[in-house]
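Working through the structure, step by step
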Amino acid sequence: MSVDTDTVKRVARLARIKVSEDEATKMTGELNAILGFVEQLDEVDIAGVEPLTSVVEQTMKKRADGVTDGNKAADITANAPASEDHFFMVPKVVE
């Protein structure tokens, strides 16, 4: 795949990036080099290769998934202007 100057200008316009004629010419070469590298990667035979998330074997650090209450209701509502039975009391706003 090859990119020309018109394609670079069109992509720049879609991305709302102002690109001059000289910059578009320079970007054309850079984008063609990047696309050439991607085409080289497509040629690599990856049959039988397991997908990896890391090159080093790692195990996830996990905490026990347990339900905890916290017993902090009194502390949470302590600074409330009005509370009752560990619930915030607010004025009625809908008539």
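I will try to describe carefully the structure that is included in this document. (Residues numbered from 1 in each chain as written. Predicted model: local features only at pLDDT ≥ 70, side-chain atom pairs only at ≥ 80, totals over all residues. Heavy atoms only, no water.)

Some thoughts on the overall build of the protein chain
In terms of regular secondary structure, the protein chain is built from three helices and two strands. Starting at the N terminus and ending at the C terminus, the protein chain contains elements arranged as α-α-α-β-β. Looking at the protein chain as a whole, 7% of its 95 residues are labelled buried. Excluding contacts between residues fewer than 6 apart, the proportion of contacts in the protein chain whose partners are at least 24 apart in sequence is 29%. For the protein chain, the exposed surface amounts to about 9500 Å²; the carbon and sulfur share of it is 56%. Charged side chains in the protein chain number 11 positive and 18 negative. The centres of these two groups are separated by 7 Å. (Helix = DSSP H or I, 4+ residues; strand = E, 2+ residues; numbered from the N terminus. Buried < 20%, exposed > 50% of the residue type's maximum accessible area, 1.4 Å probe, protein only. Contact = heavy atoms within 4.5 Å. Areas by Shrake-Rupley, 256 points an atom, 1.4 Å probe, with all protein chains shown as cover. Lys, Arg positive; Asp, Glu negative; His and termini not counted. Charge placed at Lys NZ, Arg CZ, Asp CG, Glu CD.)

Points about the pattern of salt bridges
Counted by the stated rule, this structure contains one salt bridge. Between Lys-9 and Glu-21 there is a salt bridge, and its shortest N-O distance comes to 2.5 Å. Highlighted residues: Lys-9 in helix α1 (residues 5-14) and Glu-21 in helix α2 (residues 21-42), separated in sequence by 12 residues. We classify Glu-21 as partly exposed; its relative accessible area is 44%. (Salt bridge = Lys/Arg side-chain N within 4 Å of Asp/Glu carboxyl O.)

Quick look at the side chain of Thr-77
Within the element layout of this structure, Thr-77 appears in helix α3 (residues 73-77). Side-chain polar atoms of Thr-77 contact the backbone oxygen of Ala-73, separated by 2.9 Å. When near neighbours in sequence (up to four residues on either side) are disregarded, Thr-77 contacts Ser-83, His-86, Phe-87 and Phe-88. (Polar contact = N/O pair within 3.5 Å; in protein donor to acceptor, adjacent residues only side chain to side chain.)

Some remarks on the environment of Thr-77
The exposure class of Thr-77 is buried, given its relative accessible area of 7%. A sequence separation of 10 residues divides Thr-77 from Phe-87, and the C-alpha atoms of the two residues are 7.1 Å apart.

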